[in-house]
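Working through the structure, step by step
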Amino acid sequence: MDDLSTIRSEALSAVSAAADLAALEAARVAALGKKGSVTGLMKTLGGLAPEQRKEFGARVNQLKGEVEAALEARRGALSSSALAARLVSEKVDISLPARPEGQGSLHPIGQVMDELAAIFGEMGFTWADGPDIEDDWHNFTALNIPPDHPARQMQDTFYLPPRADGTPIVLRTHTSPVQARTMLRPEVQKMLADGGALRIIVPGRTFRIDNDATHTPMFHQVEGLVIDRTTHMGHLKGCLVDFCRAFFEIDDLPLRFRPSYFPFTEPSAEVDIGCSWKDGELRIGAGGSWLEILGSGMVHPKVLANCGLDPEIYQGFAFGMGIDRIAMLKYGISDLRSFFDSDLRWLHHYGFSALESVR
Ligand code: 2NL
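Residues numbered from 1 in each chain as written. Predicted model: local features only at pLDDT ≥ 70, side-chain atom pairs only at ≥ 80, totals over all residues. Heavy atoms only, no water.

Description of the environment of methionine 123
Considering the arrangement of structural elements, one finds methionine 123 in the loop between α5 (108–122) and β1 (126–127). Given a relative accessible area of 27%, methionine 123 falls into the partly exposed group. Residues methionine 123 and cysteine 239, spaced 116 residues apart in sequence, show a C-alpha to C-alpha distance of 8.1 Å. In contact with methionine 123, other than residues within four places in its own chain, are Arg199, Cys239, Asp242 and Phe243. (Helix = DSSP H or I, 4+ residues; strand = E, 2+ residues; numbered from the N terminus. Buried < 20%, exposed > 50% of the residue type's maximum accessible area, 1.4 Å probe, protein only. Contact = heavy atoms within 4.5 Å.)

A closer look at the environment of alanine 246
Locating alanine 246 in the fold gives a position in helix α9 (residues 233–248). Owing to a relative accessible area of 36%, alanine 246 belongs among the partly exposed residues under this scheme. A sequence separation of 92 residues divides alanine 246 from serine 338, and the C-alpha atoms of the two residues are 26 Å apart.

A look at the nonpolar core
The biggest cluster of nonpolar side chains holds 41 residues, and the ones touching the most others in it are Ile273 and Ile293. Per element, the largest residue contribution to this core is eight residues, and it comes from α9. With residues near it in sequence (within four places) discarded, isoleucine 273 still touches Cys244, Phe248, Leu253, Pro254, Leu255, Ile284, Ser289, Trp290, Leu291 and Ile293. (Core = buried A, V, L, I, M, F, W, Y, C linked by side-chain atoms within 4.5 Å.)

Considering the pairing of strand β10 (residues 289–299)
Summarising burial for β10: eight of the eleven residues are buried, a large majority. Taken together, the nine bridges between strand β8 (residues 265–278) and β10 define a ladder with antiparallel strand orientation. Within β10, the position partnered with glutamate 270 by the bridge is glycine 295. The sheet contact formed by β10 and strand β11 (residues 315–322) spans four bridges and is antiparallel. Following the sheet pairing, glycine 297 is matched in β11 by alanine 318. (Pairing = 2+ DSSP bridges.)

Structural notes on the sheet that holds strand β2 (residues 133–135)
Spatial strand order, β2-β4-β3: three strands in an open sheet with antiparallel pairing. What marks the edges here is a single partner per strand, and that holds for β2 and β3 (159–160). Two strands pair when backbone bridges link them, and β3 and strand β4 (residues 169–171) are joined in this way by two bridges, in the antiparallel orientation. Opposite leucine 160, over in β4, you have isoleucine 169 as the bridge partner.

A short note on the site of the ligand
The ligand sits among 16 residues. The nearest are Gln179, Gln221, Glu223, Phe264 and Ala318. Contact distances for the ligand include 2.5 Å between a nitrogen atom and a side-chain N or O atom of glutamate 223. One of the backbone nitrogen or oxygen atoms of glycine 320 is found 3.4 Å away from a nitrogen atom of the ligand. Residue assignment for the shell around the ligand shows that the elements contributing at least two residues are α7 (176–184), β6 (218–228), β10 and β11. Looking at the shell around the ligand, the element that brings in the most residues is β11, giving four residues. Per-class residue counts for the shell around the ligand are eight nonpolar, seven polar and one charged. (Near = heavy atom within 4 Å. Polar contact = N/O pair within 3.5 Å; in protein donor to acceptor, adjacent residues only side chain to side chain. Nonpolar A, V, L, I, M, F, W, Y, C, P; charged D, E, K, R; others polar.)

So, the pattern of salt bridges
Tallying each qualifying case throughout the model produces 19 salt bridges. Across the pair arginine 86 and glutamate 90 runs a salt bridge whose closest N-O atoms are separated by 3.2 Å. Three or more residues joined by partner-sharing salt bridges are found here, namely Arg256, Arg258, Glu270, Asp272 and Glu292. (Salt bridge = Lys/Arg side-chain N within 4 Å of Asp/Glu carboxyl O.)

A word on the packing of aromatic side chains
Two aromatic rings, taken as a pair, are described by how far apart their centres are and by the angle between their planes. Evaluated as defined, the whole model comprises eleven aromatic pairs. Centroid distance phenylalanine 120 to phenylalanine 125: 5.2 Å. Interplanar angle 65°. Geometry classified as edge-to-face. Phenylalanine 125 carries the same exposure label as phenylalanine 120, and that label is buried. Members of the aromatic cluster, joined through ring pairs, are Phe120, Phe125, Phe243, Phe247, Phe248, Phe317 and Phe319. (Phe/Tyr/Trp six-rings, centres within 6.5 Å; stacked < 30°, edge-to-face > 60°.)

Here you go:
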């Protein structure tokens, strides 16, 4: 019994004296470990007479419980003071300015698409989208492109394995199939029948098997389409003059309309803008030279008919241009292929801040 009370006071004072978690663990081992003082008392039970064992055993068990409770209480106190000490010593200085994040930039092609959307948006056009992978009906047939047209040849167009029913599949060679799909939509047909007007621009990726200094197999086009019952060549001219002057930001930019040919328009016109050359460098604006910028025309009656519109009732104009090309002209980018190199230094030089975007 003397032993028991000595062991009790020693064990409990070691626990309460423990200054940190390591000292507390040492106190636990000294009392309850394999060779600990309380464990030692347990071991003496076997040598006692049954009567004594019962009474003494109960006291040793109670002691063990007491030591365990003291250990637990002390562990709790030490952990919270350790946390409190960390909270004091490990302060985060929230007044420090943040490290600057690397700023991303918008690719010039995306920037120019946004500019196109803003300029044509003011004229009442909306942006239409469609698939990059097309069947040859939407890409060629609907647009009155004859079977012997060079665009239909294997060496000009990326053909994909045909559909199960034999339909030839291509990577679209222009964005025109999106206009065809839009005209064919029942709600568009109804809107036109009700006397409305369709005005869309279609910016997007296009694909042809060219690959040299001025052609990449993937490039970008924007086409525009207006359909109603009265839109004529004069509207085409006014629209494209306004667009070119707004895009190049030159109020008196001269334009020249030249007769041309496209299978999907009749009559057709190519549009040149005024420019000049000085020391081998191009300057856009009045200057006596001309630069071809886009193709246009009145939508061919066969195209209207193919798209479910009676050419005796409906008419309109369409136009198309290369986005990569007008981006190069506006922003002084000399090599077409650099657009698609994904060189971050190039992008930081020619790219645009998201905060400057017109969107
Ligand atoms: C060019 C010329 C052009 C069109 C595209 C078009 C679309 C439909 C109907 C009629 Cl659905 N026309 N598109 C018209 C004239 C010219 O593009 O040089 N593009 C780079």
